[in-house]
Amino acid sequence: MAERLTAADASNFVMDARDHVNAFLMAGVLAPGGCVGPDGGVDLDALRHAVAERIPAGPRLAQRVRRAGRALVWEPVRPDLARHVRQVATVDGRAGFEALCARLVVTPLPLDRPLWELLVVPGVAPARAGVVLRVHHALADGLAAVELARALMDPVTDPVTTERASTRPAAEGPTRSERTSELRPGARARLRAFGEGLERTTSVLRRAVPPTALLGRVSRRRAVTFVDVDLTDLAAGAGAAAATVNDALLVAAAAAARSALLALGEDPPSALPTSVPVALPHRGRSGNAVGVMLVPLPTDAGDLVGRLRRVAGLTRAAKAEARTRGTFELTRTRLGTWLFGRLARRQRFVVLFVTNVRGPEHPLALAGARVERIWPVAALGGDVRLGVAAISYDGVLRCAVHCDADALPAVVVGRALGDELAAVAALG
């Protein structure tokens, strides 16, 4: 039966445009075993068979979007796995893998079939195979995309990895009280919520920062860089400053943006207003259930502990507020989303995107091949030229920098992000 898209899912479908691909990537590395041979070659038939068996666990994988009058609906179809699961050209090591991801973030997904694909990438590393899961944002946000990937895979249950994973810190998520809390506002609370919503809606017109290289028309030439840091060490270092792993990621992202501006000969503003998605406690049947907190990240150099504490104080208040407000008001209708898309191309209210999703607590296997590494690559939006996405997996926080390669020095951004994360980890 056809099922109407929720407002949040429909908004993300509307955001897909000729010059903006609204898709989320998860890039990974597979070890030999199962569908992966000793030389890193992949048995595509075995992989497709394994995926076919798992599709019932992710029903959206067998649905496409079509118009029914003025509405958008999910329509059940039989996916052609020869098109959805396929091999692409060989890349040259990790750098080639990053370059491929940079091309994929500007490559539209076909809209006449289910909005996902699983690409096999030879040449990522000796005796290894790369894999890229592309998912349209209408189908899933970052958290839902992780659950979708988990539905396609099996846990690795050997005792060594299970025991090791059980001692690692998890990325932050809503607390039990945050997940179960319900607001029953009275008239005064509803009036206040309306006023706050109006203020947040009009905020996109505000000029919060001076003109900067972080904002402007985003070109189609992108750069993607992967950065890894031990999760246990990072959590310990952040904890020494009464901060979280997510706070550490935000501080590092600000340092990376600051380094990029200095490399371009530009004085960084005192704070970088940063958009950070926050998982909402109730998802229902929607693939998208996130609020947004705006965090003004400090850009001063030195006093790393002080910056961590400042950011921790900001996020504690902003996270709860974002969950209370829910989805951004302008994206709750297709017309509002269209208007927001136009305004976002000329805004100076947000200069950076940072997202961090909780990954599986234990290692996973795809068609019998262990997934050694996973990196998330999020889309850029509006006129924002830099984004950082992260996922916790197998004891490592794995980050992907995504930027406009014509406007920002990607190498500088990646190196600065890694250096700042390492500095936080050293605090522990």
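Just above sits the structure.
Presented here is an overview of the structure given in this document. (Residues numbered from 1 in each chain as written. Predicted model: local features only at pLDDT ≥ 70, side-chain atom pairs only at ≥ 80, totals over all residues. Heavy atoms only, no water.)

### What about empty space enclosed by the protein?
The line we're drawing: Cavities and pockets were defined on a 1 Å grid built over protein atoms only: a cavity is a set of grid points that admits a 1.4 Å probe from which the probe cannot escape, a pocket is an open set flanked by protein on both sides within 12 Å along at least five of seven lines, and lining residues are those with an atom within 4 Å of any such point. Grid points are joined across faces, edges and corners, and a volume is the space filled by probe spheres set on the points. Numbering of helices and strands starts at the N terminus; helices are DSSP runs of H or I of at least 4 residues and strands are runs of E of at least 2. Classification convention: Asp, Glu, Lys, Arg as charged; Ala, Val, Leu, Ile, Met, Phe, Trp, Tyr, Cys, Pro as nonpolar; all other residues, Gly among them, as polar.
This structure, assessed with the given rule, holds three cavities of 30 Å³ or more. Estimated volume of the largest cavity: approximately 130 Å³. Among the secondary structure elements, those contributing two or more residues to the lining of the largest cavity are strand 2 (23-30), strand 7 (129-136) and strand 14 (369-377). Taken together, the residues of the lining of the largest cavity sort by class into twelve nonpolar, one polar and one charged. Roughly 40 Å³ of internal volume is contained in the second largest cavity. Residue lining of the second largest cavity: M26, V146, A149, R150, M153, P360, L364 and I374, and that is the complete set. Ranked by residues supplied to the lining of the second largest cavity, first place goes to helix 5 (residues 142-151) with three residues. When its residues are assigned to classes, the lining of the second largest cavity shows seven nonpolar, no polar and one charged.

### Section: the side chain of S275
Definition in use: Here the term buried applies to any residue with accessible area under 20% of the maximum for its type, exposed to any over 50%, and partly exposed to those in between, with areas from a 1.4 Å probe on protein chains only. Contacts are assigned to residue pairs that have any heavy atoms within 4.5 Å of one another.
By the secondary structure assignment, S275 is in strand 10 (residues 271-279). Here S275 falls in the buried class, since its relative accessible area comes to 14%. Setting aside residues up to four positions removed in sequence, S275 forms contacts with V292, M293, L294, V350, L352, F353 and V354.

### Thoughts on the environment of A62
As for its position among the elements, A62 is in the loop between helix 2 (44-54) and strand 3 (63-68). C-alpha of A62 to C-alpha of A52: the two residues are ten residues apart in sequence and 9.9 Å apart in space. Apart from residues no more than four positions distant in its own chain, A62 is found in contact with I55, E75, P76, V77, P79 and P114.

### Focus: the sheet that holds strand 4 (residues 71-76)
The condition is simple: Strands are labelled as partners when DSSP assigns at least two bridges between them.
Taken in spatial order, the three strands make up an open sheet running 1-4-3, and their pairing is antiparallel. Across the chains shown, the open sheet's two edge strands, defined by having one partner strand only, are strand 1 (3-4) and strand 3. Relative to strand 4, strand 3 is paired through six bridges, and the arrangement is antiparallel. Within strand 4, the position partnered with A68 by the bridge is A71.

### A few points about the nonpolar core
Here is the rule: Take the buried Ala, Val, Leu, Ile, Met, Phe, Trp, Tyr and Cys residues and link them wherever side-chain atoms come within 4.5 Å; each set so joined is a nonpolar core.
Among the nonpolar cores identified, the biggest contains 59 residues, and L386 and L417 are the most heavily contacted of them. Apart from residues no more than four positions distant in its own chain, L386 is found in contact with L214, A257, L352, F353, L380, V401, H402, C403, L408 and V413.

### Some points on the environment of P363
You can see P363 is positioned in the loop between strand 12 (352-357) and strand 13 (364-366). Along the backbone, P363 and P155 are 208 residues apart, and their C-alpha atoms lie at a distance of 6.0 Å.

### Section: the pairing of strand 7
Along strand 7, eight of the eight residues are buried, which leaves the element largely enclosed by surrounding structure. Alternating positions in strand 7 separate into two faces, A129, V131, L133 and V135 on one and G130, V132, R134 and H136 on the other, with burial throughout. Direction of pairing for strand 2 relative to strand 7: antiparallel, over a ladder of eight bridges. Note on strand 7: the bridge partner recorded for L30 is A129. Relative to strand 7, strand 6 (residues 116-122) runs antiparallel, the two sharing seven bridges. Across the sheet, the residue bridging to L118 is L133, located in strand 7.

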